[in-house]
Amino acid sequence: MLKIKRLYTFIIQTFIPVFMMTFIICLFIVLMQFIWRYVEDFVGKGLDNAVLAELFLYAALTLIPMALPLSLLLASLMAFGSLGERLELLAIKASGVSLLKTMQPLIILVACISIGAFFFQNEAMPRIQVKFRSLMISIKQKSPELDIPEGSFYSGIDNYSLYVKKKDPKTKMLKEVMIYDTSEGFDNMSVFVCDSAMMRITEDKKYLLLNLYTGQRFANFRQTDLTSNTSHNSQFVPYSRENFIEKEIVISFDSGFDRMDESNLEGTQISKNIAKLSHSIDSLNNRLDSINVQDRKLLGKHTYLTYRNNESYQKNKESQISQSKSKVSDKINFDSLINSFTLDETSQYMSIAASDAENSRFNMMEVVPKTNMQRNVRLHQIEWHRKFVLSFACLIFFFIGAPLGAIIRKGGLGMPVVVSVILFIIYYIIDNVGYKLARDGVWIVWQGMWLSSMVLFPLGVFLTYKAMNDSALFNTEAYGNFFRKVLGLKKKAIYDNEAIIDESTIPALETLNADPSIIASLESMNIDTLKDVAKNHQQYGYGTDTLDVVLSVLKMKGASFFDIKIKRLDYNEAMGYYSAFLKNYKIAIIGYFAVLILWLLQIIIKSDILSFAAFVATLGYIGCYIKSFICYFDFYRSIDKKLKKNNPRIMIFSFFCIWGLYKYLKKQMRSELENIKW
């Protein structure tokens, strides 16, 4: 009997519910996107609910290849992120089980899903695509439902415009109706005006019947003798007028829903599996080869190298080649001929020659059928590769999501959704670019179709390697130190500036030269309040002298000091960051003006040397600007103060107007230094 380890059962039970939930959510989202995209083709056509339900079912099935990779990415990221957030993944690793071994049951499960996705693409998708496309075309071709508004013209019927002033909802009678009939041309337009009308559709839904009551009909005369005798510049056009009590008009209006025959799509690439696609590709390539052979023969007959067909050339090839070359070189030297023309003349003659050659090519060869056949071959090859791309994408997204979740260690629908959407958008854009390059023949088909997989596969390998080795991939300190090293700055020290108070170093209260009122105020406080004052003396505005008094009072009251940590600020370190900030900021100001001057000179003089110098100066200015604000942030970190909310705006403003904030920032930092100088 096959026994499954308890760990594997736990991992699978954790993953499957999340996967099912994310798959339904992703499928619903892409289906909503489809509905919003084609909503104009559905609304106003009176489609039955059964037809709409059938369409949405086929649409959902065709969108599975888009929803499945995204759901696997999101599910794996959420599952392993939740395991990491609850420290379950840490416990598994502590017990000696590696991450790859933990992923083993899910690797098998995702492999089975990928195999199922392949068979779905190969066997079910062709049938679904045919039914979906035929139904979609039928819906688009259906006439809109007749819904004539009140008080405005309705042009939903071909060659007719109707105006109804009011509609009676009980009797369905139309009041004060005006109809413009242009079915026989605009010059022979007829106008119907009546007090009321009744509208109905025939049983076969092919015609619209209009019964008009108490009205008139106006139409142009069609007699040739009248129109010929009328002056061309006459302002009056002869017309006929007909009064009627009741009149019936029959208008062709197909309001039925006719399904397109699915056999019309059976020969396209969307209706074929791999075997049929391979057979069609071979057949099309054979036809292309035969067309290419005919084209080569045709070109050989009509090119200027017809001397190759002479018997004398076939007998004496070597001698004829040398003689022919010498004769051609004696007659015409093309290089000297081209050099004798001006640049404009050369461009003109070459464009004429290229146009003549292109016209001759179109006249000689079957260009349009050949181009269409090549495009058809590419479409078949694209569909062939698409059967495999989906399965491989599922594996790639799992090997991206699971390690990334183990690194991020965040579950739920917050961070995993953001990361998944960003990665899927990148995948979708790359996949569309590759598809269009393959479809248009810019790239070989397999290169375009596998472009997204080739881009994301190294990312999956990299993330899996990092997660297996517990690498701190999102450690901002490491990236910060890297950029500091590049910019030549000191690495950010990671230290604890909080120290536990040594009771033996606290002076006696009598030895301190403190204000008696302050001592009395502190002695009136309880121990907990005094400890809070000691811990947060900077926020209360107390210096080191007052801190010593607070600690002395606590010692006198017999308080314990094991839970009191006092922040010790390093004045020298803050002063170093302040000096570095001023130095880099001054250099950045000089670079700013140098950049402005060089770019202005480049615009005026338009010199490549000035352009290069301005580019180098811009890079130098950006580097000094970044270095100055890194020192600015380090300064506030060293004095243990948070930056104000308006600092990002200050950074953006100072980038374009760096000299305007120099005095302000210098005064601000100098004031902070004075506060900690004690």
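Keep in mind it's a predicted model, so treat the numbers as computed, not measured.

**Topic: the overall build of the protein chain**
- A count of helices and strands for the protein chain gives 25 helices and eight strands.
- When contacts within the protein chain are restricted to residue pairs at least 6 apart in sequence, long-range pairs at least 24 apart make up 71% of them.
- Surface summary for the protein chain: the accessible area is close to 41000 Å², and the carbon and sulfur share equals 60%.

**Quick notes on the packing of helix H15 (residues 415-439) against helix H17 (residues 451-468)**
- With their axes 7 Å apart at the nearest point, H15 and H17 run at an angle of 145° to one another. Judged by residue contacts, Leu 423, Tyr 427, Ile 430, Asp 431 and Gly 434 of H15 engage Leu 451, Ser 452, Val 455, Leu 456 and Leu 459 from H17.
- By residue class, the composition of the contact of H15 with H17 is seven nonpolar, two polar and one charged.

**Quick notes on the side chain of Ser 114**
- Its location among the elements puts Ser 114 in helix H7 (residues 104-141).
- Contacts of Ser 114, omitting those with residues within four sequence positions, involve Ser 391, Cys 394 and Leu 395.

**Comments concerning empty space enclosed by the protein**
- All chains considered together, the criterion is met by one cavity of 30 Å³ or more.
- If you add up the space inside the largest cavity, you get close to 30 Å³.
- Here the lining of the largest cavity is built from residues that sort into three nonpolar, one polar and one charged.

**Notes on the confidence of the model for the protein chain**
- For the protein chain, mean pLDDT is 77; residues scoring 70 or higher make up 74% of the total.
- Highest mean pLDDT in the protein chain belongs to helix H16 (residues 445-449) (91); lowest belongs to helix H8 (residues 224-229) (41).
- Note that pLDDT drops below 50 for residues 304-310; the model gives that stretch four contacts with residues more than four away or on any other chain.
- Taken as a whole, residues 493-497 scores under 50 in pLDDT and shows 10 contacts with residues more than four places along the chain or in a different chain.

**A few points about the side chain of Ser 391**
- You can see Ser 391 is positioned in helix H14 (residues 367-408).
- A relative accessible area of 10% means that Ser 391 is categorised as buried.
- Not counting chain neighbours up to four residues away, the residues in contact with Ser 391 comprise Ser 114, Ala 117 and Phe 118.

**Observations concerning the packing of helix H1 (residues 6-37) against helix H3 (residues 49-62)**
- Relative to each other, H1 and H3 sit at 125°, their axes nearing to 10 Å. Of the possible angle classes, the one that applies to H1 and H3 is oblique. In this structure, the crossing between H1 and H3 has a hand that is right-handed. For the pair H1 and H3, the contacting residues are Leu 27, Leu 31, Phe 34 and Ile 35 in the first and Phe 56, Ala 59 and Ala 60 in the second.
- Residues belonging to the contact of H1 with H3 are distributed by class as follows: seven nonpolar, no polar and no charged.

**Section: H17**
- Its 18 residues place the ends of H17 27 Å apart at the C-alpha level, agreeing with the 26 Å of an ideal helix rising 1.5 Å per residue.
- Buried residues of H17: Leu 451, Ser 452, Ser 453, Leu 456, Gly 460, Leu 463, Thr 464 and Ala 467, and no others.

**Topic: the environment of Ala 75**
- Following the sequence through the fold, Ala 75 ends up in helix H4 (residues 64-85).
- We classify Ala 75 as buried; its relative accessible area is 0%.
- Between the C-alpha atom of Ala 75 and that of Phe 19, which follows or precedes it by 56 residues, the distance is 4.8 Å.
- If near-sequence neighbours (up to four positions away) are discounted, Ala 75 is found in contact with Phe 15, Val 18, Phe 19 and Thr 22.

**Considering the nonpolar core**
- One finds Phe 34, Leu 68, Leu 72 and Phe 80 to be the most contacted residues of the largest nonpolar core, which totals 73 residues.
- The biggest single contributor to this core is H14, with 14 residues.
- If you look at the next biggest cluster of nonpolar residues, it comprises 28 residues, including Ala 588, Leu 598, Cys 624 and Met 669.

**Some details on the layout of surface pockets**
- As a volume, the largest pocket reaches approximately 1700 Å³.
- As for the largest pocket, its lining consists of 48 residues, of which Arg 37, Thr 62, Leu 63, Met 66 and Tyr 428 are closest to the centre.
- Elements represented by at least two residues in the lining of the largest pocket include exactly H1, H3, H4, H7, H14 and H15.
- The greatest single-element share of the lining of the largest pocket, amounting to 12 residues, is contributed by H15.
- Class assignment for the residues of the lining of the largest pocket results in 31 nonpolar, seven polar and 10 charged.

**A closer look at a nonpolar patch on the surface**
- Taken together, the side chains of Phe 593, Leu 596, Ile 597, Leu 600, Leu 601, Ile 603, Ile 604 and Ile 605 present a nonpolar region at the surface, about 780 Å² in accessible area.
- Mapped onto the fold, Leu 596 is located in helix H22 (residues 571-605).
- In this structure Leu 596 comes out as partly exposed when scored by relative accessible area, which is 40%.

**Things to note about the packing of aromatic side chains**
- Taken as a whole, this structure holds 22 aromatic pairs when the rule is applied.
- A centroid spacing of 5.1 Å and a plane angle of 50° characterise the contact between Trp 384 and Phe 388, whose relative ring orientation is tilted. Residue Trp 384 and its partner Phe 388 are both found in helix H14; the two are separated by four residues, about one turn of the helix.
- Phe 388 sits in the partly exposed class, given a relative accessible area of 29%.
- Members of the aromatic cluster, joined through ring pairs, are Phe 15, Phe 19, Phe 23, Phe 398 and Phe 399.

**Some remarks on the pattern of salt bridges**
- Per the stated rule, a full pass over the model turns up seven salt bridges.
- Residue Lys 165 pairs with Glu 176 through a salt bridge whose shortest N-O separation is 3.6 Å. Of the two residues, Lys 165 sits in strand S2 (residues 160-167) while Glu 176 sits in strand S3 (residues 174-181), which places them 11 residues apart along the sequence.
- Among the residues examined, Lys 165 registers a relative accessible area of 48% and is labelled partly exposed.

**Notes on the environment of Thr 346**
- Relative to the helices and strands, Thr 346 is located in helix H13 (residues 343-364).
- In this structure Thr 346 touches Ile 338 and Phe 341, once residues within four positions along its chain are discounted.

**Structural notes on the pairing of strand S4 (residues 190-201)**
- Sheet topology places S3 next to S4; seven bridges connect them, and they run antiparallel. Directly across from Val 177, in S4, lies its bridge partner Cys 194.
- Sheet analysis places S4 next to strand S5 (residues 207-220), joined by 11 bridges and oriented antiparallel. Across the sheet, the residue bridging to Val 191 is Phe 218, located in S5.
- Where S4 hands over to S5, the hairpin turn is made up of five residues, of which Lys 205 adopts a positive phi near 60°.

Analysis parameters
- Residues numbered from 1 in each chain as written.
- Predicted model: local features only at pLDDT ≥ 70, side-chain atom pairs only at ≥ 80, totals over all residues.
- Heavy atoms only, no water.
- Helix = DSSP H or I, 4+ residues; strand = E, 2+ residues; numbered from the N terminus.
- Contact = heavy atoms within 4.5 Å.
- Areas by Shrake-Rupley, 256 points an atom, 1.4 Å probe, with all protein chains shown as cover.
- Axes fitted to C-alpha atoms, helices over the stretch in contact; angles between N-to-C directions.
- Nonpolar A, V, L, I, M, F, W, Y, C, P; charged D, E, K, R; others polar.
- 1 Å grid on protein atoms, 1.4 Å probe; cavity = no way out; pocket = protein on both sides within 12 Å on 5 of 7 lines; lining within 4 Å.
- Points joined across faces, edges and corners; volume = space filled by probe spheres on them.
- pLDDT = per-residue confidence, 0-100.
- Buried < 20%, exposed > 50% of the residue type's maximum accessible area, 1.4 Å probe, protein only.
- Parallel < 35°, antiparallel > 145°, perpendicular 65-115°, else oblique.
- Left-handed = near helix turned anticlockwise from the far one by under 90°.
- Expected span 1.5 Å × (residues − 1).
- Core = buried A, V, L, I, M, F, W, Y, C linked by side-chain atoms within 4.5 Å.
- Patch = residues over 30% accessible without salt bridge, like charges linked within 9 Å, V, L, I, M, F, W, Y side chains within 5 Å.
- Salt bridge = Lys/Arg side-chain N within 4 Å of Asp/Glu carboxyl O.
- Phe/Tyr/Trp six-rings, centres within 6.5 Å; stacked < 30°, edge-to-face > 60°.
- Pairing = 2+ DSSP bridges.

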